[in-house]
Amino acid sequence: MSSKETCRTELRAAVRHLSDRGLYTASKWAAEQLMGIEQDPSKHTPSHTRFQRGSSSIRRRFRSTNAGDSSTTPSAGMSYVATPTMMGMEEYDYDPIDGDIYLLAKSYFDCKEYRRAAHVLRDQTGKKAVFLCFYSLYLAGEKRKEEEMIELEGPLGKSDAVNRELVSLEKELSTLHKNGTIDPFGLYVYGLVLKEKGSENIARSVLAESVNNYPWNWSAWSELQVLCTTSEALNSLNLNNHWMKDFFLASAYQELRMLNESLAKYEYLQGTFTCSNYIQAQIAKAQYNLREFEQVEIIFEELLRNDPYRIEDMDMYSNVLYAKECFSALSYLAHRVFLTDKYRPESCCIIGNYYSLKGQHEKSVVYFRRALKLNKNYLSAWTLMGHEYVEMKNTSAAIDAYRRAVDINCCDFRAWYGLGQAYEMMGMPFYALHYFKKSVFLQPNDSRLWIAMAQCYETEQLHMLEEAIKCYKRAANCNDREAIALHQLAKLHCELGHTEEAAFYYKKDLERMEAEEREGPNMVEALMFLAQHCKNQEKFDEAELYCARLLDYTGPEKETAKNLLRGIRYSRDVEHFPP
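The rules behind each value
Residues numbered from 1 in each chain as written. Predicted model: local features only at pLDDT ≥ 70, side-chain atom pairs only at ≥ 80, totals over all residues. Heavy atoms only, no water. Helix = DSSP H or I, 4+ residues; strand = E, 2+ residues; numbered from the N terminus. Contact = heavy atoms within 4.5 Å. Salt bridge = Lys/Arg side-chain N within 4 Å of Asp/Glu carboxyl O. Buried < 20%, exposed > 50% of the residue type's maximum accessible area, 1.4 Å probe, protein only. Axes fitted to C-alpha atoms, helices over the stretch in contact; angles between N-to-C directions. Parallel < 35°, antiparallel > 145°, perpendicular 65-115°, else oblique. Left-handed = near helix turned anticlockwise from the far one by under 90°. Nonpolar A, V, L, I, M, F, W, Y, C, P; charged D, E, K, R; others polar. Phe/Tyr/Trp six-rings, centres within 6.5 Å; stacked < 30°, edge-to-face > 60°. pLDDT = per-residue confidence, 0-100. Expected span 1.5 Å × (residues − 1).

(A) Seen up close, the side chain of Glu165. Summarising the element assignment, Glu165 is placed in the loop between α7 (127–152) and α8 (166–179). Beyond its immediate chain neighbours, meaning those up to four positions away, Glu165 contacts Arg115, Leu137 and Gly141.

(B) Seen up close, the pattern of salt bridges. If you walk through the whole model with that rule in mind, you get 30 salt bridges. The partner of Arg144 in a salt bridge is Glu148, with the nearest N and O atoms 3.6 Å apart. Residue Arg144 and its partner Glu148 are located together in helix α7, separated by four residues, close to a single helical turn. Taking the relative accessible area as the measure of exposure, Glu148 reaches 8% and is therefore buried. Salt-bridge contacts for Glu346 lead to Arg344; the nearest nitrogen and oxygen are separated by 3.3 Å. The structure contains a network of salt bridges with shared partners spanning Arg144, Glu147, Glu148 and Arg164.

(C) Main features of the side chain of His533. Among the structural elements, His533 can be located in helix α29 (residues 521–536). Owing to a relative accessible area of 8%, His533 belongs among the buried residues under this scheme. When residues no more than four places from it in sequence are discounted, the contact partners of His533 are Thr499, Glu500 and Ala503.

(D) Layout of unusual backbone geometry. Not every positive phi belongs to a glycine, and Lys112 is a case in point at roughly 65 degrees. Note that Lys112 resides in the loop between α5 (99–110) and α6 (114–120). Even without being a glycine, Glu325 presents a positive backbone phi close to 55 degrees. In this fold, Glu325 is placed in the loop between α17 (314–323) and α18 (327–341).

(E) Looking closely at the packing of helix α25 (residues 447–458) against helix α26 (residues 465–476). One way to put it is that α25 packs onto α26 with a least axis distance of 8 Å and a crossing angle of 170 degrees. Our classification of the angle between α25 and α26 gives roughly antiparallel. Note that α25 runs across α26; the crossing there is left-handed. Across the interface between the two elements, Ser447, Trp450, Ile451, Met453, Ala454, Gln455, Tyr457 and Glu458 from α25 touch Leu465, Glu467, Ala468, Cys471, Tyr472, Arg474 and Ala475 from α26. Classifying every residue of the contact of α25 with α26 by side-chain character gives 10 nonpolar, two polar and three charged.

(F) Quick look at the packing of helix α16 (residues 293–306) against α17. Here α16 crosses α17 at 135 degrees, and the two axes come no closer than 10 Å. The pairing of α16 with α17 is recorded here as oblique in orientation. Handedness of the crossing formed by α16 with α17: left-handed. In contact with Phe293, Val296, Glu297, Phe300, Glu301 and Leu304 of α16, α17 contributes Met314, Met316, Tyr317, Val320, Leu321 and Ala323. Considering only residue class, the contact of α16 with α17 consists of 10 nonpolar, no polar and two charged.

(G) Up close: the environment of Glu261. In this structure, Glu261 sits in helix α14 (residues 259–269). Between the C-alpha atom of Glu261 and that of Leu249, which follows or precedes it by 12 residues, the distance is 9.0 Å.

(H) Main features of the packing of aromatic side chains. Under the criterion given, the structure shown has 28 aromatic pairs. Plain terms: the ring middles of Tyr288 and Phe293 are 5.8 Å apart, the flat faces sit at 35 degrees to each other, and that makes the pair tilted. Each member of the pair, Tyr288 together with Phe293, is buried. Geometrically, the ring pair formed by Phe504 and Tyr505 is edge-to-face, given 5.0 Å between the ring centres and 80 degrees between the ring planes.

(I) Highlighting the environment of Asn377. Following the sequence through the fold, Asn377 ends up in the loop between α20 (361–374) and α21 (379–391). Placed 31 residues apart in sequence, Asn377 and Ile408 show a C-alpha to C-alpha distance of 6.4 Å.

(J) Structural detail: the confidence of the model for the chain. Mean pLDDT over the chain stands at 87; residues scoring 70 or higher make up 87%. A low-confidence stretch, residues 55–82 stays under pLDDT 50, and its non-local contacts, those more than four residues away or across chains, total 67 contacts.

(K) Just helix α10 (residues 200–213), in detail. Taking 1.5 Å per residue, 14 residues should reach 20 Å; α10 reaches 20 Å between its end C-alpha atoms and fits that length. The set of residues buried in α10 consists of Ala203, Arg204, Val206, Leu207, Ala208, Ser210, Val211 and Asn212. Buried residues along α10 sit in contact with α8, α9 (184–197), α11 (218–226), α12 (231–235) and β2 (238–240).

(L) Inspection of the environment of Ile182 at higher detail. Secondary-structure assignment places Ile182 in the loop between α8 and α9. When the C-alpha positions of Ile182 and Lys128 are compared, they lie 9.8 Å apart, and in sequence the two are 54 residues distant. Residues in contact with Ile182, not counting those within four places in the same chain, are Leu173, Leu176, His177 and Leu187.

Pasting the structure below:
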């Protein structure tokens, strides 16, 4: 990792370069990381460090003991070339060929008059002007595509609209690429065009070339990450050994569900970017996927204290509050984002979660649809809307929503799981099993997915109990918070006549219920089985203990326990009769 001062200098220059080219998302990201580098209090006034208070406490709380080991160690198979430096960055600051024409075009661009901007720059030859011309045409095509999608949309917003500028842009950018007269920003646009046209392998190569030549453009890294849907694709990249590569790998590992590797990378990066809200949010995302909701809640509470008008990633926080059924906290968050910016997709999603928790599913769907009006590719909204349709028993609409989600991101295990649930509701276990298998492949450490698969195997159409047992065992080993797997394992073994295995799992389930101080029908069932099993095995003392516990209940189990006790005493008396 470079020194803090080197990173700070590079990011300051990058913010200027990116803003000057209209790459505002990347510029904002760079500026946030710039402020994430902790200032020396002895050299700066309190006003310079006011955005950084409170961050170090989270860093200490979630930093692992071996986080430093991940430093810049590449994953297996990934190759690297020389580290880029600040040398040559000056060439991106000012292009003397641009002059006043570029300033006019940039003004049009900032007003979202993309075709006017491209027209003004049509005869310019400077690399900066060429980039803005092509980028303006690309955005003009995207804008028209979105308009056509609204005009021609089918069910759930489906449309065949395309960006009509892609063909001409690919032709011109390909020529510049072959001639070697294209800069890293032009390569970024070329990569976008290739990605939109479905040429993913070439797009990966072009975007990798872009970030190797100018590693501070986070938008290029983000597009490259979208194209790395497998570890093989990630490992095939030829990347420069630059500190920005660590941000990319941490994010890519997160999407590939390599959560421990991702956390290790982010914790390493916190050594330099101690106060980065972005890194804290990404750590929260990894913890969320690990279902560590308590830790996620702590991080987001700290983030909101440091950045009270933040909306990015707050939809994930709302998911945590929803899962924990925190009505008041979710209501407060929904009210807060509504006042901050009610027309952000994340805001609509948070409000949708709030109404869902209240059981107002129709109103929840309205807000998820509103989020999708604002961003057609907003993955969470498609998935959550599918969940709402499942609650409303509208399986066909749920399936459509989940399919849109997997079209956007084929690695979204929640959407695959939702498809399985929908087909299960329709009494189609073979289809359901297919989708549950896809979800469990993407998230093998989630007990809920293994349980869903096991229940599918248990249906009358399949009745594959041995396969169900295998799934329940995996669920039990994946921290089954709902405490379903152990009980079901005991029941299935009992059904198959495996009494010893059934007794083993009933005992484990009983121990867990005692530890969690839970009562209920599962405890009664376990006690009755174990009492009968121990009696059959002539373990009379143990059987009497289980019966004594059953006598505390007032239902039919009390009479059953009395009958068992009488049987135990009779068996003991028989033992003492002479032969």
